[in-house]
Amino acid sequence: MSQRSDLRNIAIVAHVDHGKTTLVDAMLKQAGAFREGSTVNNRVMDSMDLEREKGITILAKNTAVHYADPDDGSEMTINIIDTPGHADFGGEVERGLTMVDGVVLLVDASEGPLPQTRFVLRKALAAKLPIVLVINKVDRPDSRLKEVVDETYELFLDLDANEEQIDFPIIYACALDGIASLTEPENGQVPTDSDNLKPLFDTLIETIPAPEYTEGAPLQAHVTNLDASPFLGRLALCRIREGRIRKGQNVAWIQRDGTTQTVKISELLMTDGLERKSAEAASQGDIIAVAGIPEIMIGETLADPENPQALPLITVDQPAVSMT
Ligand code: GDP
């Protein structure tokens with residue numbers, strides 16, 4: 001078994017308004033600029049405005065940040081899965097978390113962790129995912145950095161985090177200015193030892209494990225969400241658990257009741273920034289969207305037709321309160 005050193009799959013967990021969209025915007029913008037070896041410019045922002053005009057919502061299901069380390073040029077794709085910031089009853093949180101290998105917990109420097117974050121964090125901790133804490137909006141004049149960090153430790157203890165999880169790295173950020181630092185600034189001040197998000201990228205890459213890769217393993221891909229395209233019809237969003245998949249390939253579609261059918265992957269898509277683009281092939285660890293199976297459902301498996309093995313269905317907590 002080896003590792004996909006070029007790939008990280010993460011989720012961002014945040015209370016609404018704590019700055020998730022602003023942070024991902026800044027990551028996209030800087031990753032593009034670092035890649036071109038230029039200073040930060042507005043190129044990515046421009047294409048994002050275009051996306052907005054086309055009505056594609058930012059953070060729809062998956063954003064892919066293509067990052068090149070400005071120091072050594074090493075390239076990395078960071079897939080960012082959006083999880084709802086509230087207790088949903090459809091299991092979207094659980095399903096999102098099965099796609100990732102680690103979580104960014106984004107907390108407002110003044111408000112601290114709020115109840116809505118707790119639900120999702122509890123799931124992430126139970127799934128044994130490593131966490132990176134990002135304290136955002138450190139520039140707020142009413143920021144309370146020490147207290148907010150303490151409140152976050154208390155929350156982790158309360159939610160039975162394991163020792164590794166509670167040893168989380170802390171990043172202090174002003175997402176609005178695209179700045180992150182490992183050093184605690186003064187309350188209300190933007191960090192002065194950094195003028196970009198590189199400390200955040202470095203910490204994510206270091207803390208969140210790369211997906212594993214097993215040479216020659218038969219295909220197993222798990223359908224974790226659905227989407228629709230006006231041209232391609234239903235899209236199944238999957239994380240490839242093992243093996244490889246190619247556009248045009250026949251695969252075994254294993255349905256929830258175990259019925260298995262051979263179907264053709266008519267289109268294979270991978271995310272680039274905020275856009276889905278056609279791809280020829282993808283492999284273990286990748287997050288993909290496939291077209292060609294109009295009746296496919298969440299939880300089902302796409303597998304090697306020679307060796308069709310179903311992945312376990314994703315179990316979802318029942319709502320604690322009735323919805324009447
Ligand atoms: P989301 O709901 O988590 O996606 O939050 P947004 O990214 O939409 O941000 C909510 C608000 O917080 C917006 O008005 C942002 O401009 C603001 N915001 C985001 N990051 C920062 C920051 O670092 N500092 C300050 N002062 N405001 C921020």
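In the block above lies the structure referred to throughout.
Residues numbered from 1 in each chain as written. Predicted model: local features only at pLDDT ≥ 70, side-chain atom pairs only at ≥ 80, totals over all residues. Heavy atoms only, no water.

## Section: empty space enclosed by the protein
Considering all chains together, one arrives at one cavity of 30 Å³ or more under this definition. Within this model, the largest cavity holds a volume of roughly 60 Å³. For the largest cavity, the lining is made up of ten residues, of which Asn62, Leu237, Thr271, Arg276 and Ile288 are closest to its centre. Elements represented by at least two residues in the lining of the largest cavity include exactly strand E15 (267–272) and strand E18 (287–291). Residues belonging to the lining of the largest cavity are distributed by class as follows: six nonpolar, two polar and two charged. (1 Å grid on protein atoms, 1.4 Å probe; cavity = no way out; pocket = protein on both sides within 12 Å on 5 of 7 lines; lining within 4 Å. Points joined across faces, edges and corners; volume = space filled by probe spheres on them. Helix = DSSP H or I, 4+ residues; strand = E, 2+ residues; numbered from the N terminus. Nonpolar A, V, L, I, M, F, W, Y, C, P; charged D, E, K, R; others polar.)

## Quick look at the sheet that holds strand E8 (residues 179–181)
Sheet architecture is open: seven strands sit in the order E3-E4-E2-E5-E6-E7-E8, paired in mixed fashion. Both edges of this open sheet fall to strand E3 (62–68) and E8, since each of them pairs with a single strand only. Pairs of neighbouring strands in the sheet enclose a mean axial angle of 30 degrees, with direction left out of account. Sheet analysis places strand E5 (residues 102–108) next to strand E6 (residues 131–136), joined by six bridges and oriented parallel. Residue Asp108 lies in a different strand from E6, and its bridge partner there is Asn136. Across the sheet, helix H4 (residues 115–126) lies against strand E2 (7–14), E5 and E6, angled at about 145 degrees from E2, the strand it touches most. (Pairing = 2+ DSSP bridges. Axes fitted to C-alpha atoms, helices over the stretch in contact; angles between N-to-C directions. Contact = heavy atoms within 4.5 Å.)

## Things to note about the sheet that holds strand E19 (residues 301–303)
The eight strands lie next to each other as E14-E13-E19-E10-E11-E18-E15-E16, forming an open sheet whose pairing is antiparallel. Since the sheet does not close on itself, it has two edges, and those belong to strand E14 (260–264) and strand E16 (275–278), each with one partner. The average undirected angle you get between the axes of adjacent strands in this sheet is 40 degrees. Note that strand E13 (residues 250–254) and E14 share five bridges and pair antiparallel. When the sheet's bridge partners are listed, Val251 is paired in E14 with Val263.

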